[in-house]
Amino acid sequence: MLKTVIVPQLALLLCAWSTQAQDFMSPSVNIVAELAKVKNMEERLKTSEAMLQNQNNLVTQLNSRVEGLETENKARKVAFSASLLEYASGHNGPFNSVTSPMIYKNVFTNFGNGYDSSTGIFTAPVKGVYYFRFYAHCHVGNKMAVSLYKNGAMQCSVFSWKPTNTNGNASNGIVLTLEKGDQIFTKLWDKTWVYDDPASYTSFGGFLLFPL
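Residues numbered from 1 in each chain as written. Predicted model: local features only at pLDDT ≥ 70, side-chain atom pairs only at ≥ 80, totals over all residues. Heavy atoms only, no water.

As annotated in an unreviewed UniProt entry, the chain is C1q domain-containing protein from Electrophorus electricus. UniProt lists a comment for the chain under the heading Subcellular location (unreviewed entry), and it reads "Secreted". (UniProt positions renumbered as here; feature names shortened; annotations may be inferred.)

**Student:** Which residues make up the nonpolar core, and what are the values?
**Tutor:** Judged by nonpolar contacts, the single largest core of 30 residues is most densely connected at Phe122, Tyr130, Phe132, Leu148 and Phe204. Counting only elements with at least two residues in this core, the list comes to strand E1 (79–83), strand E6 (128–138), strand E7 (144–150), strand E8 (153–160), strand E9 (168–178), strand E10 (183–188) and strand E12 (203–211). For this core, the element with the most residues is E6, which contributes 5 residues. Setting aside anything within four residues of it in sequence, one finds phenylalanine 132 in contact with Phe80, Phe122, Leu148, Asn172, Gly173, Ile174, Leu176, Leu178, Ile184, Phe204, Gly205 and Gly206. (Core = buried A, V, L, I, M, F, W, Y, C linked by side-chain atoms within 4.5 Å. Buried < 20%, exposed > 50% of the residue type's maximum accessible area, 1.4 Å probe, protein only. Helix = DSSP H or I, 4+ residues; strand = E, 2+ residues; numbered from the N terminus. Contact = heavy atoms within 4.5 Å.)

**Student:** Give a description of the pattern of salt bridges that names residues and reports values.
**Tutor:** Under the defined criterion, the tally for this structure stands at 1 salt bridge. In this structure, the salt-bridge partner of glutamate 179 is lysine 127, at a minimum N-O distance of 3.8 Å. Of this pair, glutamate 179 sits in the loop between E9 and E10 while lysine 127 sits in the loop between strand E5 (121–123) and E6, placing them 52 residues apart in sequence. Of the residues examined, glutamate 179 reaches a relative accessible area of 41% and is grouped as partly exposed. (Salt bridge = Lys/Arg side-chain N within 4 Å of Asp/Glu carboxyl O.)

**Student:** Explain the side chain of serine 203 to me, using residue names and the numbers behind them.
**Tutor:** Among the secondary structure elements, serine 203 is positioned in strand E12. In this structure serine 203 comes out as buried when scored by relative accessible area, which is 14%. Those residues within four positions of serine 203 in sequence are excluded, and the remaining contacts are Ala82, Ser83, Tyr104, Arg133, Phe134 and Tyr135.

**Student:** Please set out the pairing of E12 residue by residue, giving values where relevant.
**Tutor:** Sheet topology places E1 next to E12; 5 bridges connect them, and they run antiparallel. Of the residues in E12, the one forming a bridge with serine 81 is glycine 205. Direction of pairing for E6 relative to E12: antiparallel, over a ladder of 8 bridges. Each bridged residue has a counterpart across the sheet, and for glycine 128 the counterpart in E12 is proline 211. (Pairing = 2+ DSSP bridges.)

**Student:** Please provide a residue-by-residue account of the sheet that holds E9, values included.
**Tutor:** Strand order across the open sheet formed by 5 strands is E3-E1-E12-E6-E9, with antiparallel pairing between neighbours. Two strands in the sheet have a free side with no partner beyond their single neighbour: strand E3 (106–111) and E9. Across the sheet, the axes of successive neighbouring strands diverge by a mean angle of 10°, strand direction being ignored. (Axes fitted to C-alpha atoms, helices over the stretch in contact; angles between N-to-C directions.)

Right, dumping it as structure tokens:
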């Protein structure tokens, strides 16, 4: 009786195991195709990462270029203008031996901070072509002479020999090519003088025409 019951049960178990084995050996999911999809996604992800890195590099380059243009544009803004006396009226000179530049204390503008009102010297902040002009004024009976210098070498001058009927005025201008750090200033001649007051008769100024 026991054998009769066990045999059919064994047969059912074997049948069920055979069906599961077939399902396992022949899965409904195509593993090869799914692996191919995963690999494709990985490749696309790598491509996206590379594109993002390229974009980041481009942004960095653009930022550097913008900063460079801003610096270049700032460097182009060089201009100054100043008169001899800030508040009072009076004269400068005469001196038996002139060794130092004229100091123009009343600064109207100083873009680029090239002009130093404590020394009277303009120092070129960038290499370029510059324009400079200076004016000088004297009273009747006084000799007036002023020269403009580049690094200690005279470039141009103004002169008035003791005017008799009216005050004397003179001006001159020049275009110079300067290296960064070159210095421009004016000096009185020995035994001459200039006059100034709040009307700013005696002045000095210049600006960058274009950088090189």
